[in-house]
Each structure stands twice: as structure tokens, then as C-alpha cells.
Amino acid sequence: MSESDVSAGRRRPARERLLEAAARRFYADGVAATGIDTITAEAGVAKMSLYNNFSSKADLVRAYLDARHEEWLGLYRARLEGVDGPREGVLAVFDAYADHAAFAYEHGFRGCGLLNAAAELPVGDEGRAVVRAHKEEVEQLLAGHLERLLPDRPDDARAAAEQLSFLLEGAMARAGLEGDGERVRHARSMAAAMLERL
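Residues numbered from 1 in each chain as written. Predicted model: local features only at pLDDT ≥ 70, side-chain atom pairs only at ≥ 80, totals over all residues. Heavy atoms only, no water.

1. What about the pattern of salt bridges?
For the structure on display, the rule yields 20 salt bridges. Here Arg12 ties to Glu16 by a salt bridge, and the two come within 2.8 Å at their closest N and O atoms. Between Arg68 and Glu71 there is a salt bridge, with its nearest N and O atoms 3.8 Å apart. Taken together, the residues span about one helical turn, with Arg68 and Glu71 both in helix 5 (residues 57-80) at a distance of three residues. (Salt bridge = Lys/Arg side-chain N within 4 Å of Asp/Glu carboxyl O. Helix = DSSP H or I, 4+ residues; strand = E, 2+ residues; numbered from the N terminus.)

See the structure below:
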């Protein structure tokens, strides 16, 4: 890294650098295993900067989860551009997850960062509510496309959205265990076949 790269990095706001460092470390090492000192060192900021931007580690974790959600929404919106019709809209959801799996992670793909974090958080933690809201929104996006595909069959559209949501989550879990996005791509093919039968 050149001296100008380092200088440019230091000019970026501390909050942004802290979130980026937390995202790398939480995803690679886990929420519980990642301490504040690790995050501040990687971000190149003093510990006080963390507490000037986040009230606690739990607050940083929630900000990380919110950022992961927004990151996925950005991938989904990009996939929606040029999509023609509700079938392709459903597949855009799968494609956005496949895009996420294709990121160059430091230690490889470990599955859904939101679910990984939720698995470490205690029941009742606000972070788990963020993850649940994300998963519910994904299912609602699927349902919206399916309701347009099946305008006279709202019950079938909701049931299909739930099935596709389960297919997607199962594929992400297996993809995380296997370290690549092949399962997500396969789930997309299964979803396309299912849509043809509706």
C-alpha cells in the first residue's frame, strides 16, 4: 500500500473505517471472537474513536448488520435493473445471494454474514431482530414478485414465497459450509424450474 493510499484511508471518517474493519473481522472471525482492540487496530483509529461513533460493541454489531442488509439490497437492486417480469424478479433475489457468495472474502465464503452473526447473539438481542427483519424482507420481495406472477392466487403466491425462501436459506447454509456459491446457483436453477410449474 502506498503512502498516498494510507493518507487517503486516514482522511476517511473514523465511523466508515470502523464499520469496514468490523465487517471484515466479524465475517472472518465471528462476532464473539473479535474484540474492540482488533477492530480499532485494523481501522487505524484510537479506541476512543470507536466509542465516539458507537455506544458499545453491541451498537457496532447492529450497525454492521444494518450495513450487511443494505449491501444485499444494493446487489438485489442492481440485479433488478433490466429484469423483465416477475419470474426474473424472483430469480434476481437468488442472483443477489450468488453475487454475495462471489465476493473475495479474506478467508473464503462462510455463508450468510447475517445468520452467522445471529447464531452468536443471545435470544432477545436487538441484532437478531435486524437479521430476522432482513430475512422477512427477502421473503416479502419474493412474495411481491409471485403475487404479480399469480394475481388471482394470493395464497399460492405466499406459499411459493415461503418455499423459495427456505430453498434459498438452505442453499446459503450449505454454500457457507462448502465455501463457495455453487449451492446458491443450483438453488436458482431449482427455483426457475419451480416457477415454470406454477
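2. Some details on the UniProt feature "domain: HTH tetR-type" (unreviewed entry) in the chain
Within the UniProt annotation, "domain: HTH tetR-type" (unreviewed entry) is assigned to residues 12-72. Measuring from the first to the last C-alpha atom of residues 12-72 gives 23 Å, for a span that is 77% helix and 0% strand. (UniProt positions renumbered as here; feature names shortened; annotations may be inferred.)

3. A few points about the packing of aromatic side chains
The relation between two aromatic rings is expressed through the spacing of the ring centres and the mutual angle of the planes. Under the counting rule described, the total for this entry stands at six aromatic pairs. Aromatic pair Tyr27 and Tyr105: ring centres 4.3 Å apart, planes at 25°, arrangement stacked. You can see Tyr27 sitting in helix 2 (residues 14-29) and its partner Tyr105 sitting in the loop between helix 6 (86-101) and helix 7 (113-120), a full 78 residues away along the chain. Here Tyr105 and Phe109 contribute two aromatic rings whose centre-to-centre distance is 6.0 Å and whose plane-to-plane angle is 35°, an arrangement assigned as tilted. Taken individually, Tyr105 and Phe109 each receive the classification buried, so the pair is uniform in this respect. Cation over ring: Arg110 sits above Tyr27, and NZ or CZ is 5.9 Å from the ring centre. (Phe/Tyr/Trp six-rings, centres within 6.5 Å; stacked < 30°, edge-to-face > 60°. Buried < 20%, exposed > 50% of the residue type's maximum accessible area, 1.4 Å probe, protein only. Lys NZ or Arg CZ within 6 Å of the ring centre and 35° of its normal.)

4. A few points about the nonpolar core
Where a protein is soluble and globular, its nonpolar side chains tend to be buried together. Ranked by size, the top nonpolar core spans 60 residues in total, and within it Leu65, Leu146 and Leu164 carry the most contacts. For this core, the secondary structure elements donating two or more residues are helix 2, helix 3 (36-43), helix 5, helix 6, helix 7, helix 8 (126-149), helix 9 (154-178) and helix 10 (182-197). Excluding its chain neighbours within four sequence positions, the residues that come into contact with Leu164 are Val90, Phe94, Leu142, Leu146, Ala191, Met194 and Leu195. (Core = buried A, V, L, I, M, F, W, Y, C linked by side-chain atoms within 4.5 Å. Contact = heavy atoms within 4.5 Å.)

5. Remarks on the UniProt feature "DNA-binding region" (unreviewed entry) in the chain
According to UniProt, the "DNA-binding region" (unreviewed entry) feature falls on residues 35-54. What you have in residues 35-54 is 75% helix and 0% strand, and the ends, taken at the C-alpha atoms, are 14 Å apart.

6. As for the side chain of Thr40
With respect to the secondary-structure elements, Thr40 resides in helix 3. Setting aside residues no more than four positions away along its own chain, Thr40 makes contact with Leu18, Val45, Ala46, Lys47 and Leu50.

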